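Residues per chain are reported as follows:
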Number of protein chains: 2
Amino acid sequence: MKKISLMGATGSIGTQTLDVIREHPHDFKLIALSVGRNINEARKMIAEFTPSLVSVQRKEDAETLKSDMPAGVKVMYGEEGLIEVACHQDADILVNAVLGSVGLNPTLQAIESGKTIAIANKETLVTAGHIVMEAARRKGVSLLPVDSEHSAIFQALQGEQDKNIEKLIITASGGSFRDRTREELVGVTVKEALNHPNWSMGAKITIDSASMMNKGLEVIEAHWLFNIPYDKIDVLQHRESIIHSMIQFHDTSVMAQLGTPDMRVPIQYALTYPDRFERPRAKRLDLAEIGLLHFEKMDMDRFRCLRFAYEAGRMGGSMTTVLNAANEAAVALFLEDKISFLAIEDMIERALNEHEVIQNPDLDTIREIDERTRLAISQWVG
Amino acid sequence: MKKISLMGATGSIGTQTLDVIREHPHDFKLIALSVGRNINEARKMIAEFTPSLVSVQRKEDAETLKSDMPAGVKVMYGEEGLIEVACHQDADILVNAVLGSVGLNPTLQAIESGKTIAIANKETLVTAGHIVMEAARRKGVSLLPVDSEHSAIFQALQGEQDKNIEKLIITASGGSFRDRTREELVGVTVKEALNHPNWSMGAKITIDSASMMNKGLEVIEAHWLFNIPYDKIDVLQHRESIIHSMIQFHDTSVMAQLGTPDMRVPIQYALTYPDRFERPRAKRLDLAEIGLLHFEKMDMDRFRCLRFAYEAGRMGGSMTTVLNAANEAAVALFLEDKISFLAIEDMIERALNEHEVIQNPDLDTIREIDERTRLAISQWVG
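J.: Quick question: what am I supposed to make of the overall build of chain A here?
T.: Tallying secondary structure elements over chain A gives 16 helices and 13 strands in all. In terms of C-alpha radius of gyration, chain A reaches 20 Å, essentially the compact-globule figure of 21 Å for 382 residues. Referenced to the eigenvectors of the C-alpha coordinate spread, the extents of chain A come out at roughly 55 × 55 × 40 Å. Counting only residues that meet the buried cut, chain A has 62% of its 382 residues in that class. Here the contacts in chain A between residues at least 6 apart in sequence split such that 68% fall between residues at least 24 apart. For chain A, the accessible surface area stands at approximately 14700 Å², while carbon and sulfur atoms represent 48% of it. Taken together, the 42 basic and 55 acidic charged side chains of chain A have centroids lying 3 Å from each other.

Listed below in structure tokens is the structure:
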């Protein structure tokens with residue numbers, strides 16, 4: 001019985017993590033969870049999974065929840081609550097499925113307390129990869145990828161030696177606007193951007209997919225998780241999202257992980273690693289039925305955010321903190337209909353241009369740059 | 001420095017094994033080799049690689065060779081010579097690249113002497129898989145696959161557990177006649193059959209590819225190498241030969257090995273396993289350049305030999321010995337222009353129909369059935 005704590009339970013990865021736990025009631029037990037403001041969902045989860053600790057974002061929601069909780073369920077809130085979930089002493093593994101750089105501090109605390117972490121929160125690695133990975137190395141903590149691309153690479157790496165890697169090949173569906181030119185992106189709506197062709201995901205990551213920033217964040221995440229220089233990370237457009245990513249070794253052999261687009265596969269793999277559990281009712285890949293797999297070179301002029309991510313990653317230091325904060329802020333503005341889709345790119349570009357890179361920033365510097373970037377973006381909207 | 005003995009040095013796998021050795025002069029040393037009748041080629045190989053033992057098929061060729069050999073090169077011939085190469089006391093690994101069931105006895109002798117074997121000689125496993133695998137288990141000997149499909153499966157299996165395998169998916173290019181109907185196969189020439197779309201291989205295996213018997217033999221080989229029942233081995237048509245084969249695990253995840261069609265990759269992997277050596281000048285896979293990968297269901301009525309192989313494999317015992325011997329004999333007759341292409345299938349079908357299966361046959365029984373089958377086929381031609 002593996003005991004799991006889950007940060008970000010009501011999001012897309014969170015609810016699919018609960019699916020995996022539900023499918024294997026004798027193998028997994030949810031012992032702690034965090035949610036944002038959706039306390040009705042939280043109530044249902046508590047009733048079904050009977051965790052011993054729940055954390056919500058706001059004090060008032062915590063107090064509402066406490067009033068009708070069964071005995072033995074501790075209710076907390078805010079960053080303190082999130083950290084308590086992240087570091088729960090009975091947990092064998094933490095699933096970090098929160099969105100954005102808010103996941104950074106709890107991740108670091110979980111590492112300090114020696115937890116194995118299944119990490120879906122890519123922004124944490126983008127904003128402070130050098131600090132997170134150094135802490136994980138120092139404490140001997142495993143960071144198990146949950147993103148389908150990184151899970152594919154991680155699976156392909158089993159039984160292999162890092163020294164033999166020639167490059168990582170991260171596949172990209174192209175997102176909801178892959179067949180549009182830049183000119184056709186003028187005036188696209190939030191609803192259009194949220195219509196991803198292959199994956200059902202949360203709003204922020206779906207917008208990131210449409211702008212190709214998601215792939216950029218994944219490149220940076222891969223750089224940190226697998227300790228691979230940017231020159232050895234390629235992105236390949238593959239519209240069917242069947243090959244989830246690949247490793248090319250220096251003998252020219254390429255190892256790949258394939259499957260139907262279903263996030264429960266990489267989530268479950270992180271929870272069962274190095275074993276694999278059955279998924280008897282899940283859809284199997286049928287390549288004969290699919291018939292064709294397409295591959296195209298990624299156009300860095302068409303997808304400017306991907307280029308920004310490579311550039312920020314190569315400059316290193318605080319540059320990826322700015323990239324991530326500017327993106328989070330700009331995407332939020334787009335989702336609120338306050339800026340256009342293409343303005344996301346422009347704002348990120350401006351934020352990067354205006355920033356003087358600081359190499360090896362400490363945590364306080366990262367927090368300060370993160371806040372300053374978000375503030376600047378909000379001021380540009382006026 | 002790994003010391004290698006090589007059976008079948010002048011064949012397609014043999015010469016490509018020499019390429020691999022040539023590319024890594026500080027890692028590999030050829031110490032023994034066998035050839036058939038091509039003693040001119042043998043002379044060149046001896047001059048280049050200075051092995052200490054050479055075996056040829058015929059006594060007269062051995063005597064010719066002896067007359068102009070440098071000191072320290074031992075020359076032998078016939079089955080005795082082949083076994084001496086197979087069991088050479090200084091060899092760390094034997095590459096068995098001979099063609100046909102003639103490789104069986106040397107393989108068994110090499111196993112008895114505890115050699116690791118890189119096996120390209122699939123007929124040995126088809127004709128007597130139960131004996132070979134039982135001997136390998138008893139002696140703790142590793143059989144490392146060299147066929148590109150089995151190497152792909154073997155690579156995908158690294159870091160995984162056998163219990164989690166749901167099925168093997170062996171890919172098939174379709175061979176030189178994949179786009180022809182059965183009606184269009186009437187009267188095809190040897191030259192047409194030898195024109196394989198993707199792989200440059202020996203004559204027998206290229207004919208086997210055209211008839212799809214090669215895939216059938218590979219299914220049986222996979223059954224023995226990976227100890228997987230036939231119901232869990234699928235064949236998938238994939239005309240580009242880029243995905244070399246796959247494993248589907250019971251969590252629905254599919255692991256695959258990809259690459260340009262180049263036999264030196266799986267040969268080298270068998271020689272370096274579990275490590276991988278560089279191949280700096282070799283062509284890399286470029287999926288964007290390839291653009292499309294095609295997959296189709298395999299038609300068992302169109303490709304009767306594949307169906308025969310599954311049927312013979314499922315019946316087990318001596319049935320696969322008959323399948324292999326009938327195929328070897330019929331293909332030889334086709335290559336000599338004595339029978340038509342479609343008569344290969346008819347002869348195999350007749351041989352299987354006329355055979356009463358013997359379960360768990362011993363080596364003498366296998367040899368007797370093999371000879372009897374070849375004799376019958378030769379008599380049917382009249």
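On we go from here.
J.: Help me out: how do you make sense of the environment of Val190(B) in this one?
T.: Residue and element names in this part refer to chain B. Here Val-190 is to be found in helix 8 (residues 190-193). A residue is classified by how much of its surface remains accessible, and Val-190, at 15% relative accessible area, is buried. C-alpha separation for the pair Val-190 and Pro-266, spaced 76 residues apart in sequence, amounts to 28 Å. Setting aside residues no more than four positions away along its own chain, Val-190 makes contact with Phe-334, Leu-335 and Asp-337.

J.: Would you mind going over the relation of the copies chain A and chain B with me for this structure?
T.: Put simply, the second copy of the chain is the first one after a rotation about an axis and a shift along it. Least-squares fitting of chain A to chain B yields an RMSD of 0.0 Å, with the superposition described by an axial translation of 0.0 Å and a rotation of 180°. The superposition operator between the copies reduces to a two-fold rotation axis. Among all residues of chain A, the minimum C-alpha distance to the rotation axis is found for Gly159(A), at 2.1 Å. Here 100% of the contact residues of chain A are again contact residues in chain B; the copies associate through an equivalent surface.

J.: Please clarify how the sheet that holds strand 13 (residues 296-297) of chain A should be interpreted in this entry.
T.: Strand pairing in a sheet is mediated by backbone hydrogen bonds. Such pairs are either parallel or antiparallel. The 10 strands are arranged 13(A)-9(A)-8(A)-10(A)-11(A)-11(B)-10(B)-8(B)-9(B)-13(B) in an open sheet whose pairing can be described as mixed. Here the strands that pair on one side only, and so sit at the sheet edges, are strand 13 of chain A together with strand 13 (296-297) of chain B. Direction of pairing for strand 8 (residues 165-172) of chain A relative to strand 10 (residues 243-249) of chain A: antiparallel, over a ladder of 5 bridges. In the strand pairing of strand 10 of chain A, Ile165(A) is matched with Phe249(A).

J.: Explain the sheet that holds strand 3 (residues 53-56) of chain B to me, please; I cannot follow it from the model alone.
T.: Residues and elements named next belong to chain B. In space, the 7 strands of this open sheet follow the order 4-3-2-1-5-6-7, with parallel pairing throughout. At either end of the open sheet lies a strand with only one pairing partner, and these are strand 4 (74-77) and strand 7 (143-145). Shown here is a sheet whose adjacent strand axes are inclined to one another by a mean of 25°, direction ignored.

J.: Hey, could you run me through the nonpolar core in this one?
T.: Side chains of nonpolar character tend, in soluble globular proteins, to be buried together. Membership of the largest hydrophobic core comes to 241 residues, with the highest contact counts inside it found for Leu323(A), Phe341(A), Leu323(B) and Phe341(B). Contact partners of Leu323(A), with chain neighbours within four places excluded, come to Val126(A), Met213(A), Leu217(A), Ile220(A), Phe308(A), Ala309(A), Ala312(A), Ile348(A) and Leu352(A). Of all hydrophobic cores here, the second largest spans 24 residues; its members include Ile243(A), Met246(A), Met246(B) and Phe295(B).

J.: What am I meant to see in the side chain of Ser253(A) here?
T.: Here Ser253(A) shows up in the loop between strand 10 and strand 11 (254-258). On the accessibility criterion, Ser253(A) (1% relative accessible area) is buried. A polar contact of 2.8 Å, which involves the side chain of Ser253(A), links it to the side chain of Gln155(B). One polar contact links Ser253(A) to Gln257(B), side chain to side chain, over a distance of 2.6 Å.

J.: I would appreciate a short explanation of the packing of helix 9 (residues 203-211) of chain B against helix 10 (residues 213-226) of chain B in the present structure.
T.: Helix-helix packing is described using two parameters, namely the angle between the two axes and the distance between the axes. Residue and element names in this part refer to chain B. With their axes 5 Å apart at the nearest point, helix 9 and helix 10 run at an angle of 95° to one another. As judged from the angle between their axes, helix 9 and helix 10 are roughly perpendicular. Contacts between helix 9 and helix 10 involve Lys-204, Ile-205, Asp-208, Ser-209 and Ser-211 on the former and, on the latter, Met-213, Asn-214 and Leu-217.

J.: Explain the pairing of strand 5 (residues 93-96) of chain B to me, please; I cannot follow it from the model alone.
T.: As a general feature of sheets, a regular strand has side chains that alternate between the two faces. Residue and element names in this part refer to chain B. Taking every second residue as pointing to the same face, both faces of strand 5 are buried, with Ile-93 and Val-95 on one and Leu-94 and Asn-96 on the other. The pairing of strand 1 (residues 2-7) with strand 5 spans 4 bridges and is classified as parallel. Bridge pairing links Ile-4 to Ile-93 in strand 5. Pairing of strand 5 with strand 6 (residues 116-119) involves 4 bridges; the strand directions are parallel. Of the residues in strand 6, the one forming a bridge with Asn-96 is Ile-119. Following the chain from strand 5 across helix 5 (residues 104-112) to the adjacent parallel strand 6, one finds a crossover that is right-handed.

J.: Please clarify how the pattern of salt bridges should be interpreted in this entry.
T.: Between side chains of opposite charge, pairing is possible as soon as their charged atoms come close. For the structure on display, the rule yields 82 salt bridges over all chains. The salt bridge partner of Arg276(A) is Glu160(B), with a shortest N-O separation of 2.7 Å. Of this pair, Arg276(A) sits in the loop between helix 11 (264-272) and helix 12 (287-290) while Glu160(B) sits in the loop between helix 7 (148-157) and strand 8 (165-172), on two different chains. Among the residues examined, Glu160(B) registers a relative accessible area of 11% and is labelled buried. The partner of Lys283(A) in a salt bridge is Glu289(A), with the nearest N and O atoms 3.7 Å apart. By relative accessible area, which is 59% here, Glu289(A) ends up exposed.

J.: Is there a simple way to think about the domain arrangement of chain A in this case?
T.: Put simply, an interface is often sized by how much accessible area is lost when its parts join up. All names here are of chain A. In terms of domain boundaries, chain A breaks down into domain 1 (2-145), domain 2 (150-315) and domain 3 (316-382). Inter-centroid distance (C-alpha atoms) of domain 1 to domain 2 is 25 Å. Each partner contributes residues to the interface: domain 1 has 27 residues there, and domain 2 has 30 residues. Carbon and sulfur atoms supply 70% of the area buried between domain 1 and domain 2, which totals about 2500 Å² over both sides. Taken as a group, Lys-122, Val-126 and Pro-145 account for 26% of the area that domain 1 buries against domain 2, more than any other trio of residues on that side. At the junction of domain 1 with domain 2, the criterion picks out 4 salt bridges. Where domain 1 touches domain 2, the interface holds 6 residue pairs in polar contact (both at pLDDT 80 or more). Looking at the side of domain 1 that touches domain 2, the elements with two or more residues in it are strand 1 (2-7), helix 1 (12-23), strand 5 (93-96), strand 6 (116-119), helix 6 (122-139) and strand 7 (143-145).

Conventions and cut-offs
- Residues numbered from 1 in each chain as written.
- Chains lettered and ligands numbered in written order.
- Predicted model: local features only at pLDDT ≥ 70, side-chain atom pairs only at ≥ 80, totals over all residues.
- Heavy atoms only, no water.
- Helix = DSSP H or I, 4+ residues; strand = E, 2+ residues; numbered from the N terminus.
- Rg over C-alpha atoms; globule rule 2.2 N^0.38 Å.
- Buried < 20%, exposed > 50% of the residue type's maximum accessible area, 1.4 Å probe, protein only.
- Contact = heavy atoms within 4.5 Å.
- Areas by Shrake-Rupley, 256 points an atom, 1.4 Å probe, with all protein chains shown as cover.
- Lys, Arg positive; Asp, Glu negative; His and termini not counted.
- Charge placed at Lys NZ, Arg CZ, Asp CG, Glu CD.
- Least-squares fit on C-alpha atoms with pLDDT ≥ 70 in both.
- Pairing = 2+ DSSP bridges.
- Axes fitted to C-alpha atoms, helices over the stretch in contact; angles between N-to-C directions.
- Core = buried A, V, L, I, M, F, W, Y, C linked by side-chain atoms within 4.5 Å.
- Polar contact = N/O pair within 3.5 Å; in protein donor to acceptor, adjacent residues only side chain to side chain.
- Parallel < 35°, antiparallel > 145°, perpendicular 65-115°, else oblique.
- Right-handed = clockwise from strand over helix to strand, strands pointing away.
- Salt bridge = Lys/Arg side-chain N within 4 Å of Asp/Glu carboxyl O.
- Domains from an automatic or database assignment.
- Buried area = accessible area lost by both parts, 1.4 Å probe.

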